[in-house]
Amino acid sequence: MAYYQQPLDVTTLPAWQALLKHRQDMQGFSMREAFADDAKRFERFSMSTSGIFLDYSKNLLSTQTRDLLVGLAREAGLQDAIEALFNGERVNASEGRPALHTALRRPIGDCVRVDGVNVMPDVHRVLNQMTDIVGRIHSNLWRGYSEKAITDVVNIGIGGSFLGPQLVSEALLPFTQHGVRCHYLANIDGSEFHELAAKLNAETTLFIVSSKSFGTLETLKNAQAARTWYLARGGTEEKLYRHFIAVTSNNQAAIEFGIREKNIFPMWDWVGGRYSLWSAIGLPIALAIGMSNFKELLSGAYSMDTHFRSTPFEKNMPVLLALLGVWYGNFWGAQSHAILPYDHYLRNITKHLQQLDMESNGKRVRQDGSPVSTDTGPVIWGGVGCNGQHAYHQLLHQGTQLIPADFIVPVVSYNPVADHHQWLYANCLSQSQALMLGKCRNEAEAELRAKGLPEDEVQRLAPHKVIPGNRPSNTLVLERISPRRLGALVAMYEHKVFVQSVIWGINAFDQWGVELGKELGKGVYQRLTGWDQPPTEDASTQGLIDFFRGRHRG
Ligand code: F6P
């Protein structure tokens with residue numbers, strides 16, 4: 001029997017019960033004291049793998065907490081689940097599919113079977129197909145309708161067909177090759193199209209229509225708009241193949257759109273959209289940084305895969321981060337998790353991780369359809385430091401919610417300007433330090449007295465100056481952003497999300513929740529644009545439809 005067919009209420013496990021008890025014991029735990037008492041706390045709770053150093057010592061945990069959490073992972077059958085994932089079992093039960101993004105970064109000699117067929121030759125055939133087109137575009141052999149070389153590539157796609165490629169191609173800007181500019185067109189918003197099109201020349205622009213399903217409204221509408229734009233600027237139907245290529249698992253729909261079959265890069269149904277940047281969906285990445293760098297990205301992810309699959313849980317980076325997330329979400333009431341990159345190039349990582357985590361673990365029933373008995377995925381939010389320090393960090397420091405945070409920072413900057421990077425790094429560290437240390441009432445009062453304030457002022461202001469501290473964070477340090485390290489970092493978060501899904505017994509690889517809005521959208525559209533539709537079910541939506549129609553009448 002596959003592991004996911006066994007209904008498991010994680011809250012009934014002995015390890016869960018032990019953690020509940022331990023949580024009570026930890027009520028008075030102070031990180032400040034833990035550091036004071038244990039000179040080796042940093043060494044005890046830090047590790048590195050695949051070019052990433054993780055400090056998780058600023059957490060509400062002791063070695064006993066770690067042992068209990070690792071025990072929970074064992075009792076939840078995590079090792080079997082990991083093997084099921086890597087071996088191509090149908091871990092996506094509701095869609096009856098494997099989730100084999102890890103196969104996309106494995107060496108060609110490996111064998112991964114889906115329905116008895118080894119998929120690795122196909123994976124590497126597509127990599128070769130990518131190498132071919134990247135080479136032709138970079139060497140100006142691929143030309144537009146007027147024989148000019150391609151200068152701009154526009155990726156038309158949304159969700160996983162956008163966020164991962166955008167994160168990576170922009171994070172690896174220092175690795176850009178051959179001057180091909182990459183752009184992303186995602187939303188069905190004329191302003192986005194208008195602003196982008198204004199920068200482009202139809203003669204030298206290549207559009208990648210990137211959609212696993214080739215059925216996503218936003219993508220298809222943008223692809224049609226791009227085609228109309230191209231034809232209105234001297235492009236011809238005969239030369240359309242030079243300007244439009246596709247990445248999809250729905251060949252037929254792409255062909256009907258007018259894309260030549262040999263310009264269609266395949267996707268497989270065993271790769272989920274949010275896990276697909278390693279496939280041909282990563283073509284804009286490869287066009288930006290070159291194929292050898294793209295392969296470095298894959299090898300970094302493969303290194304993390306190997307670590308994840310073979311390292312004992314107590315030293316396993318994605319497992320530890322996942323278990324810490326479970327600890328805070330299920331035992332401390334945390335509802336959200338902040339991702340705080342201190343690096344301009346990583347500024348889009350929060351958006352990618354939002355989809356990765358929230359679309360994967362935003363679930364309320366287990367793999368077998370039974371309701372979960374605990375909270376599942378947190379809200380993922382955040383943004384680039386230091387900017388957040390002057391905005392939402394106030395809530396992290398003094399708000400009423402416990403919000404664990406991941407700080408991500410490189411040691412070396414690609415663009416040293418004066419002592420900017422020293423200050424950037426210092427700010428990253430001082431934020432996690434402030435979250436952990438806080439400022440107690442005595443310290444707040446002493447500070448105010450030192451400023452010479454009268455005692456009644458000291459007492460009036462002190463409560464506002466108190467910062468509770470004891471707020472958890474992880475710090476992930478990369479020596480420098482590189483394709484390998486970025487590949488490892490993104491793969492690490494993929495595995496973290498998977499581990500949590502296993503603990504909760506949910507399916508990380510479907511996303512039925514997004515479908516209802518799409519279905520209802522059709523009815524709303526008809527009512528906005530047609531005059532003979534019956535009113536919709538609720539007065540609120542109908543009122544808002546009428547508002548729009550009133551404005552657009554005649
Ligand atoms: O609507 C959600 C979703 O299906 C995501 O899971 C996916 O990444 C995105 O839309 C885009 O899908 P596609 O690649 O099929 O256009």
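Values in this document were obtained by computation on a predicted structure and should not be read as measured data. (Residues numbered from 1 in each chain as written. Predicted model: local features only at pLDDT ≥ 70, side-chain atom pairs only at ≥ 80, totals over all residues. Heavy atoms only, no water.)

1. Topic: the overall build of the protein chain
Counted only if it meets this: Only DSSP runs of H or I with at least four residues qualify as helices, and only runs of E with at least two residues qualify as strands; both kinds are numbered from the N terminus onward. Throughout, the radius of gyration refers to the C-alpha atoms, and the reference size of a globule is 2.2 Å times the residue count to the power 0.38. Partly exposed describes any residue whose relative accessible area lies between the buried limit of under 20% and the exposed limit of over 50%, with all areas from a 1.4 Å probe on protein chains only and scaled to the type maximum. Only heavy atoms enter the contact rule, under which two residues are in contact if any of them lie within 4.5 Å. Every accessible area reported is derived by Shrake-Rupley at a probe size of 1.4 Å, with residue values counting cover from the shown protein chains alone.
A tally of regular secondary structure across the protein chain gives 21 helices and 13 strands. A compact globule built from 554 residues should have a C-alpha radius of gyration of about 24 Å, and the protein chain, at 26 Å, falls within 12% of that. For the protein chain, the spread of C-alpha atoms along the three principal axes comes to 80 × 60 × 60 Å. Burial status across the protein chain gives 55% buried among its 554 residues. A sequence separation of at least 24 residues applies to 75% of the contacts in the protein chain between residues at least 6 apart. For the protein chain, the accessible area works out to roughly 23900 Å², and carbon and sulfur atoms hold 53% of it.

2. Brief notes about the pattern of salt bridges
Threshold: Put simply, a salt bridge is a Lys or Arg side-chain nitrogen that is within 4 Å of an Asp or Glu carboxyl oxygen.
Counted by the stated rule, this structure contains 28 salt bridges. Here Glu 147 makes a salt bridge to Arg 242, at a shortest N to O gap of 3.0 Å. Here Glu 147, found in the loop between helix H6 (120-138) and strand E5 (152-156), pairs with Arg 242, found in the loop between helix H9 (217-231) and strand E8 (244-248); they are 95 residues apart in sequence, far enough to count as distant. On the basis of relative accessible area, Glu 147 is assigned to the partly exposed category, the value being 41%. For Glu 479, the salt bridge goes to Arg 485, with nearest N and O atoms at 3.5 Å. Overlapping salt bridges, with partners in common, bring together Arg 441, Glu 445, Arg 449 and Glu 455 in one network.

3. Some details on the state of the cysteines
Definition in use: Count a disulfide wherever a pair of cysteine sulfur atoms falls within 2.5 Å.
Overall, the coordinates contain zero disulfides when judged by the stated rule. Cys 428 takes part in no disulfide bond, and the closest cysteine sulfur to it belongs to Cys 386, at a distance of 8.6 Å.

4. Observations concerning the domain arrangement of the protein chain
Short version of the rule: What fixes the domain bounds is an automatic or database domain assignment. We define buried area as the total accessible area lost by two parts upon association, computed with a 1.4 Å probe and summed across both.
We note that the domain assignment places domain 1 (6-76 + 315-436 + 472-510), domain 2 (101-295), domain 3 (438-468) and domain 4 (513-550) within the protein chain. If you average the C-alpha positions of domain 1 and of domain 2, the two centres end up 32 Å apart. Counting from both sides, the interface comprises 26 residues of domain 1 and, opposite them, 21 residues of domain 2. Approximately 2000 Å² of surface area, both sides summed, lies buried where domain 1 meets domain 2, with 64% of it carried by carbon and sulfur atoms. Interface area lost by domain 1 to domain 2 is led by Tyr 345, Pro 483 and Glu 494, which between them contribute 27%.

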